[in-house]
Amino acid sequence: MPLPSPTTVLLVRHATTPTTGRALPGRAPGLHLSDAGHAQAARLAERLAGLSHPPVAVYASPLERARETATPLARALGVRVRTARDLVEADIGEWTGTSLRRAMRTRAWSAVQRFPSGFRFPGGESFAEMAARGTGAVLRLVERHRGDTIVAVSHADVIRAVVATAAGVPLDLMQRLTVSTCSVSAVSYWDDGARILCVNSSADALVPS
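All of these numbers come straight from a predicted model, not from anything done at the bench.

## Let's talk about the confidence of the model for the protein
Okay, step 1: Per-chain confidence: the protein averages 95 in pLDDT, with 95% of residues scoring 70 or above.
Okay, step 2: Here residues 205-209 scores under 50 on pLDDT; set against residues more than four positions off or in separate chains, the count is 10 contacts.

## Let's talk about unusual backbone geometry
Okay, step 1: Its identity is not glycine, yet C182 carries a phi of approximately 60°, on the positive side.
Okay, step 2: If you trace the backbone, C182 turns up in the loop between α6 (156-167) and β7 (184-190).
Okay, step 3: On the basis of relative accessibility, which here comes to 7%, the residue C182 falls in the buried class.

## Points about α6
Okay, step 1: Counted at 1.5 Å a residue, the expected span for α6 with its 12 residues is 16 Å, and the 16 Å between its end C-alpha atoms agrees.
Okay, step 2: For α6, the full list of buried residues reads A156, D157, V158, I159, R160, A161, V162, V163, A164 and A166.
Okay, step 3: Buried residues along α6 sit in contact with β1 (7-13), α5 (127-144), β6 (149-154), β7 and β8 (193-201).
Okay, step 4: One or two positions beyond α6, positive phi appears at G168, with a value near 75°.

## Comments concerning the environment of W190
Okay, step 1: Looking at the secondary structure, you find W190 in strand β7.
Okay, step 2: A relative accessible area of 30% places W190 in the partly exposed class.
Okay, step 3: Expressed as a C-alpha distance, the spacing of W190 and L100, which sit 90 residues apart in the sequence, is 38 Å.

## Some remarks on the sheet that holds β8
Okay, step 1: Sheet architecture is open: six strands sit in the order β4-β3-β6-β1-β7-β8, paired in mixed fashion. Only two strands of the sheet have a single partner each, and these edge strands are β4 (81-83) and β8. Averaged over neighbouring strand pairs, the angle between their axes works out to 25° when direction is ignored.
Okay, step 2: As defined by bridge partners, β1 adjoins β6 across six bridges and the pair is classed as parallel. By the bridge assignment, L10 is partnered in β6 with V151.
Okay, step 3: Sheet contacts for α5: β1, β3 (57-60), β4, β6 and β7; angle to β1, the most-contacted strand, approximately 140°.

## Quick word on the state of the cysteines
Okay, step 1: Using the criterion set out here, one finds zero disulfides in the structure.
Okay, step 2: You can see C182 has no disulfide; the closest cysteine sulfur is in C198, sitting 13 Å from it.
Okay, step 3: Here C198 falls in the partly exposed class, since its relative accessible area comes to 26%.

## Let's talk about the pattern of salt bridges
Okay, step 1: A full pass over the atoms with the stated rule returns nine salt bridges.
Okay, step 2: Across the salt bridge formed by R140 and D86, the nearest N and O atoms sit 2.8 Å from each other. Here D86 lies in the loop between β4 and β5 (98-99) and R140 lies in helix α5, a separation of 54 residues in the sequence.
Okay, step 3: The partner of R160 in a salt bridge is D157, and the shortest N-O contact between them spans 2.7 Å. Taken as a pair, R160 and D157 lie in helix α6 at a separation of three residues, close to a single helical turn. This pair shows no difference in class: R160 is buried, exactly as D157 is.

Conventions and cut-offs
- All chains use their own residue numbering, which begins from 1 and follows the written sequence.
- A pLDDT threshold of at least 70 governs which residues receive local features in this predicted model, and a stricter bar of 80 or more applies before side-chain atom pairs are shown or counted, although totals over entire chains, interfaces and linings include all residues.
- The side-chain figures draw on all heavy atoms in the structure; neither hydrogens nor water molecules are used.
- Each residue carries a pLDDT score, the predictor's own confidence in it, on a scale running from 0 to 100.
- We call two residues in contact whenever any of their non-hydrogen atoms come within 4.5 Å of each other.
- Secondary structure is summarised from DSSP: a helix means a run of H or I of at least four residues, a strand means a run of E of at least two, and numbering begins at the N terminus for each.
- Relative accessibility under 20% of the residue-type maximum defines a buried residue, over 50% an exposed one, and the middle range a partly exposed one, all with a 1.4 Å probe and only protein chains included.
- Multiplying one less than the number of residues by 1.5 Å gives the expected span of a helix.
- Here, strands pair whenever DSSP counts at least two bridges between them.
- Orientation is described by axes fitted as lines to C-alpha atoms, over the contacting stretch for helices, and by angles from 0 to 180 degrees between their N-to-C directions.
- When two cysteine sulfur atoms lie within 2.5 Å, the pair is treated as a disulfide.
- Any Lys or Arg side-chain nitrogen found within 4 Å of a carboxyl oxygen on Asp or Glu counts as a salt bridge.

Laid out in C-alpha cells, this is it:
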C-alpha cells in the first residue's frame, strides 16, 4: 500500500533590505527590499519555479519586505501572493527600530541568544508565543494543501522557531540555526510527523546571517 504524499513547506526568509544586519525593524511598516534584495527575489523565483514539482501556492507575511520577496515567484508560478498574518515578524515592542549594535550591548541580549524560551520583548511578544503562532500558521497551510508543495515567506526568528519545533529541538537552541536572507528551509509534514529536508539553502549558505 503506497504511503500518502507529504506536504512540503518551503520556508523562505525575506530578501535583503537596507536595514539587514544593522537594525531591528520589527513590524514597523514601510521597509522595502534593497536593489540587492530585489535581485535575490528574482533568483529565488527562477530557482523555485524550475523545480520538478513546483509550489502550488505562495504565502507571505503581511510586511512589505516579505510580500516583495514573494511577488516574483508568484508571478513565475502564475499564482497570487496570499497573506498569512501569523507568518509576521515577532512583535519586538520597545526594541522596534533599535540598531543591532545597541541591542547586542544590552543585558537582555544574552537571554535572546541562550534562553529565548524565557524571554519576552519589552512591550511585545515572547519567543514562545511567536513559535506557537508561526507553527500554527504553517500547520494550517499544511492542512489546506495536503500532498502539495507550498512556499511561506516569513522572517528569520519565525523560521528558526518553526524548524526547531518540527525537528523536536528545544526553543533555547533555535539560535544555532542560521537563516540567511532569501534562503530556503524545507520541511515535509507527514501524518506521523515532520522531516527536515534542508535549512538555509541558498547560494550563500556558508555565510552567517
